[in-house]
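# Notes for the structure review
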Amino acid sequence: MTELVESVKKLGVMQNLTVIPQEGNPGEYTALIGHRRHAAAKLAGIAELPCIIKEGMSKKEQVSIMLEENMQRNDLTIYEQAQGFQMMLDLGETEESIAEKTGFSKTTIRHRLNIAKLDQKELKKKEQDDSFQLSLKDLYELEKVEDVKTRNKILKDAKDSREIVSMAQRAAAEAIRNKRYKKIAEMAKKAGIEKAPKEAENEMYSGKWDTIKEFDLDKEPPKKLSVKDDDKLYYLLYWRSVRIIRKHKNEKKELTPEEIAKKEKDKKKKQIKAIIKETDASRKEFICNIIAGKIDAVKNEEEIREKAWRFLLEKCAYLSFNSMIGFFTEKEYYSCTEEEKAEAEKKLKGLSYTHSMLVALHNAAKDTELVDWQGHYKKDSGETLKHCYEVLKPYGWTFANEDAEKVLDGTHELYEKEAENG
């Protein structure tokens, strides 16, 4: 207001206020447009202001005009813009008419209306938190998550704007996988394949089930589901894939207690490795988003490179051009075609120094063994691997679930407990 007050002192109020007569109070008026000019004039000691009197307006028309005028101000916050556009929509306006009246593009209006769908209390809290540094880019990333409840959960749980981006990208990718799962499930049902019973997920490494076919949900599903087997088949959502499974034909054999214990231990080890594999996939997806510019660069990249280099030294990582090409081809170098090698090589050469280090970091961290042959947690490997995620945290890395964190720090119940001394 300070600048406006000084301007009013020097030049007076140059633009008319719009006022409406007060009902039941002849000669009294209420300002419809020009509240800031009115306030500045009072502070400047000016008693009379030029006004246009509007009569016979309905309450709806009054609110509509106030909104239309205020939405053109350049000092509105994201929260205020979102609220204003939503109010105009509630009054019967359309995206087209709002664009015409306010001068905003339909794309911007659509973005703001999506922001208005968020938990406004939480949004305002984050917006007013200077340490959070919420930006429009973060909210646009959040908008890519179709489910509003999921958006609000991310908004509430995120510790800063970078976490909003990484969590939103993960949720959006998960939504795509869910759509692909539903498509495959529908094809399976039409083929007479039933959904697997609930216990099947926990029994995948128990020897009770055989996997006939597996579909990666990070890839487009097949147009047709061609699976043939004489036995009854089931479909199962397992991590990032859909498995077509059947019950294992057990040989009638009574196991010894030692064999039962070993079987249970092997099952747990396989489950731990499956969780590690899922986290590896999440990490690669995250690094790909950094390389693609979907996640903002950090300010101090030199520190990132130094931490990455220390991790590579700790892991005694093997670095070679051919091994890094595998990051893009997802194949061993020897099994790639010449075209695949050339395309991957072009991508690798186009990477910045920092992004190349992140690719090397992923390759070194991939398939890290965190469980020994006895089923115990390998603490040294776990402590080293934690340094990998310290490199990614400044970009907003978070673990997809509690299982992933517990497997990394050795607290998961799947690990065998070390025998107590004495």
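Just above sits the structure.
The following refers to the structure shown. Here the structure is a predicted model, which is why all the values come from computation and not from measurement.

## Brief notes about the overall build of the protein chain
- Secondary structure assignment for the protein chain yields 17 helices and 7 strands.
- Relative to the compact-globule value of 22 Å for 422 residues, the protein chain shows a C-alpha radius of gyration of 30 Å, a clear excess of over 25%.
- Overall size of the protein chain, expressed as C-alpha extent along the three principal axes, is 100 × 60 × 55 Å.
- Per-residue burial over the protein chain gives 40% buried out of 422 residues.
- Counted over contacts in the protein chain with a minimum sequence separation of 6, partners at least 24 positions apart contribute 70%.
- For the protein chain, the exposed area adds up to about 26,000 Å²; of that, 49% sits on carbon and sulfur atoms.

## Some remarks on a nonpolar patch on the surface
- A cluster of nonpolar side chains, namely Trp-309, Leu-313 and Leu-319, defines an oily patch on the protein surface of about 310 Å² accessible area.
- The topology assignment puts Leu-319 in the loop between α12 (301-314) and α13 (321-329).
- With a relative accessible area of 42%, Leu-319 lands in the partly exposed category.

## Some thoughts on the packing of helix α9 (residues 148-157) against helix α10 (residues 161-190)
- Where α9 contacts α10, the axes come no closer than 9 Å and their chain directions differ by 150°. One way to sum up the angle between α9 and α10 is to call them roughly antiparallel. Between α9 and α10 lies a crossing whose hand is right-handed. Taking contact as the criterion, the partners of Thr-150, Ile-154, Leu-155 and Asp-157 in α9 are, on α10, Glu-163, Ile-164, Met-167, Ala-168 and Ala-171.

## A word on the state of the cysteines
- Applying the stated criterion across every chain yields a total of 0 disulfides.
- No disulfide involves Cys-388; its nearest neighbouring cysteine sulfur is the one of Cys-288, lying 14 Å away.
- Classification of Cys-388 by relative accessible area gives buried; the value is 0%.

## Some points on the nonpolar core
- Ranked by internal contacts, the top residues of the largest apolar core, which has 42 residues, are Phe-311, Leu-358, Leu-361, Leu-385, Leu-392 and Tyr-395.
- Going through the elements one at a time, α11 (257-291), α12, α13, α14 (338-349), α15 (353-365), α16 (379-392) and α17 (402-409) are the ones with two or more residues in this core.
- Broken down by element, the residue count for this core peaks at 7 residues, all from α15.
- Apart from the residues lying within four places of it in its own chain, the contact partners of Leu-361 are Ile-287, Ala-308, Phe-311, Leu-312, Cys-388, Val-391 and Leu-392.
- In terms of nonpolar packing, the next biggest core, distinct from the first, is built from 19 residues, Ala-82, Leu-134, Leu-139 and Ala-171 among them.

Thresholds applied
- Residues numbered from 1 in each chain as written.
- Predicted model: local features only at pLDDT ≥ 70, side-chain atom pairs only at ≥ 80, totals over all residues.
- Heavy atoms only, no water.
- Helix = DSSP H or I, 4+ residues; strand = E, 2+ residues; numbered from the N terminus.
- Rg over C-alpha atoms; globule rule 2.2 N^0.38 Å.
- Buried < 20%, exposed > 50% of the residue type's maximum accessible area, 1.4 Å probe, protein only.
- Contact = heavy atoms within 4.5 Å.
- Areas by Shrake-Rupley, 256 points an atom, 1.4 Å probe, with all protein chains shown as cover.
- Patch = residues over 30% accessible without salt bridge, like charges linked within 9 Å, V, L, I, M, F, W, Y side chains within 5 Å.
- Salt bridge = Lys/Arg side-chain N within 4 Å of Asp/Glu carboxyl O.
- Axes fitted to C-alpha atoms, helices over the stretch in contact; angles between N-to-C directions.
- Parallel < 35°, antiparallel > 145°, perpendicular 65-115°, else oblique.
- Left-handed = near helix turned anticlockwise from the far one by under 90°.
- Disulfide = S-S within 2.5 Å.
- Core = buried A, V, L, I, M, F, W, Y, C linked by side-chain atoms within 4.5 Å.

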